[in-house]
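# An overview of the molecular structure
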Amino acid sequence: ENSTACPANATICDGTSCVLPEDNFNQTLSVILSTVLTIMLALVMFSMGCNVELKNFLGHIKRPWGIFVGFLCQFGIMPLTAFLLSLAFNILPIQAVVVLIMGCCPGGTASNIIAYWVDGDMDLSISMTTCSTLFAMGMMPLCLFIYTKMWTDSDAIVLPYDSIGLSLVALVIPVSFGIFVNYKWPSKAKIILKVGSIVGAVLIVVIAVVGGILYKGSWIISPKLWIIGTIFPAAGYSLGFFLARLAGLSWDRCRTVSLETGMQNTQLCSTIVQLSFSPEQLELMFTFPLLYSIFQLLFALLILGGYRLYKRHRVKTKTDVEKTEQIEDSKSNAKINGGFVPDEMK
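First things first, this report covers the structure right here in the doc. Just so you know, these numbers come straight off a predicted model, no measurement behind them. (Residues numbered from 1 in each chain as written. Predicted model: local features only at pLDDT ≥ 70, side-chain atom pairs only at ≥ 80, totals over all residues. Heavy atoms only, no water.)

## Observations concerning the overall build of the protein
Where we set the bar: Numbering of helices and strands runs from the N terminus, with a helix taken as a DSSP run of H or I at least four residues long and a strand as a DSSP run of E at least two residues long. Burial status follows relative accessibility: with a 1.4 Å probe on protein chains alone, a residue under 20% of its type maximum counts as buried, one over 50% as exposed, and anything between as partly exposed. Between two residues, a contact is recorded if the distance between any of their heavy atoms is within 4.5 Å.
The helix and strand tally for the protein stands at 15 helices and two strands. The buried share of the protein, taken over its 346 residues, is 45%. Expressed as a percentage of contacts within the protein between residues at least 6 apart in sequence, the contacts between residues at least 24 apart total 81%.

## A look at helix H13 (residues 266–276)
The following threshold applies: Counted as a polar contact is a pair of N or O atoms within 3.5 Å, where, for protein atoms, one must be capable of donating a hydrogen and the other of accepting one, and residues adjacent in sequence contribute only when both atoms are in side chains.
Within H13, ten of the eleven residues are buried, which leaves the element mostly enclosed by the surrounding structure. Along H13, the residues that are buried comprise Thr266, Gln267, Leu268, Cys269, Ser270, Thr271, Ile272, Val273, Gln274 and Ser276. Capping the start of H13 is the job of one residue whose side-chain oxygen sits 3.0 Å from the backbone nitrogen of Leu268: Asn265.

## Looking at the environment of Lys194
As for its position among the elements, Lys194 is in helix H10 (residues 186–214). Assessed through its relative accessible area of 61%, Lys194 is described here as exposed. Separated by 144 residues in sequence, Lys194 and Cys50 place their C-alpha atoms 9.9 Å apart.

## Details of the nonpolar core
Cut-off, in case you're wondering: We call a set of buried Ala, Val, Leu, Ile, Met, Phe, Trp, Tyr and Cys residues a nonpolar core when their side-chain atoms join them within 4.5 Å.
Residues Val99, Ile101, Met140, Phe232, Phe277 and Phe288 are the most contacted members of the largest nonpolar core, which totals 61 residues. Beyond its immediate stretch of four places on either side in the chain, Met140 contacts Ile101, Cys104, Cys105, Ile164, Leu168 and Ile272. Core analysis: the next-biggest nonpolar cluster, separate from the first, contains nine residues, Val118, Tyr237, Leu304 and Tyr307 among them.

## Considerations on the pattern of salt bridges
As a reminder, the rule being used: Salt bridge criterion: a side-chain nitrogen from Lys or Arg within 4 Å of a carboxyl oxygen from Asp or Glu.
The tally for this structure, following the rule as stated, stands at two salt bridges. The closest approach of N and O atoms between Asp119 and Lys311, which form a salt bridge, is 2.9 Å. Note that Asp119 is positioned in the loop between helix H6 (110–117) and helix H7 (122–147) and Lys311 in helix H15 (residues 288–336), a separation of 192 residues in sequence. The exposure class of Asp119 is partly exposed, given its relative accessible area of 29%. A salt bridge links Asp121 to Arg253; the nearest nitrogen and oxygen atoms lie 2.9 Å apart. With a gap of 132 residues between them, Asp121 in the loop between H6 and H7 and Arg253 in helix H12 (residues 251–262) connect regions that are remote in the sequence. Asp121 gets classed as buried once you look at its relative accessible area, which sits at 14%. On the basis of relative accessible area, Arg253 is assigned to the partly exposed category, the value being 25%.

## Some details on the packing of helix H4 (residues 65–89) against H7
Which entries qualify depends on this criterion: All axes are obtained by fitting lines to C-alpha atoms, using only the stretch in contact for helices, and the reported angles, taken between N-to-C directions, cover 0 to 180 degrees. Any angle that falls under 35 degrees is termed roughly parallel, while one over 145 is termed roughly antiparallel, one within 65 to 115 roughly perpendicular, and all others oblique. Handedness of a crossing is defined here by the sense of rotation of the near helix relative to the far one, left-handed for an anticlockwise turn of less than a right angle and right-handed for a clockwise turn. In this count, Pro and Cys sit with the nonpolar residues alongside Ala, Val, Leu, Ile, Met, Phe, Trp and Tyr, while Asp, Glu, Lys and Arg are called charged and the others, Gly among them, polar.
Relative orientation of the contacting elements H4 and H7 amounts to 40°, with a least axis distance of 9 Å. In terms of orientation, H4 lies oblique with respect to H7. Our pair here, H4 against H7, has a crossing hand that is right-handed. Each of Gly66, Ile67, Gly70, Phe71, Gln74, Phe75, Pro79, Leu80 and Phe83 in H4 lies in contact with H7, whose residues at this interface are Leu124, Ser127, Met128, Cys131, Ser132, Phe135, Ala136, Met139, Cys143 and Tyr147. Here the contact of H4 with H7 is composed, by residue class, of 14 nonpolar, five polar and no charged.

## So, the side chain of Thr129
Here Thr129 lies in helix H7. Engagement of the side chain of Thr129 in a polar contact is seen with the side chain of Glu260, the distance being 2.8 Å. If we ignore the near neighbours within four places in the chain, the residues touching Thr129 are Met48, Gly107, Gly108, Ser111, Asn112 and Glu260.

Everything listed here is a matter of coordinates, which is why it stays silent on function.
Encoded structure:
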């Protein structure tokens, strides 16, 4: 009778009350996810390094004004915006921590692709992404220490600085190796770059699917996090653009700094969160990097669409002006040529 009421693997069975052995499926899956995330992130960062031309990179280091403005945006504007949004919406301490981790992350590699399509300064874009990744080793723990103090002082949340530091230091190795590969074998670096962009897209899907299995409760998202996930990237793009313009950068560099500011390395954020917090904490915070990733891409595509429309209208208007000027020049020349005007200009 008991055997029909209880599962076959029950250790103690009393009527319908059963004691089952501990299920290690989620724990095993979590270890696999952490390993896969780490390997894929290393591949993405390696491909990013393959996009860096050493000569151009060193040129920006020698004339660092653009990189300095980007640094202020990345580690000044974004962490402060994350802090203010967390306070304004009064979210849970653990949720405030994940919003701040996102705000302190370096720039994402997708910004380089969008910067290309909006006629940005590609050398600056790649240099900013690389430098922000290197600077993050010191600035990310420092910003987290400053801005999370009010939520971590109670000892209810302990930020794992050692895990965050190791994750960031580990990123420098594939980026450096990628720069070296591009320097020695530029044709192979282009192939690696294409593979890396595909891996980056797959990485987001893997995080979403496996994370959804592991942390089912995390998909019941607080409306406050939805709102922050929408406002945060939009604020990053806007404030980055205005600060760059205020600093006197050219329009193409303003667009570049804007994209580098708003577009964060969400894969890094997801990996740090996955490696650093308990399953109970992940239930409340795991989906925010995915939310940010969706909205940062959505706003980037809107920026791209708006710029393309503006460019098409500007070119069309410029062509019309040039034609008008040509007609006026021909008519003025007609007086000199005895009144002759070409048929196409009449």
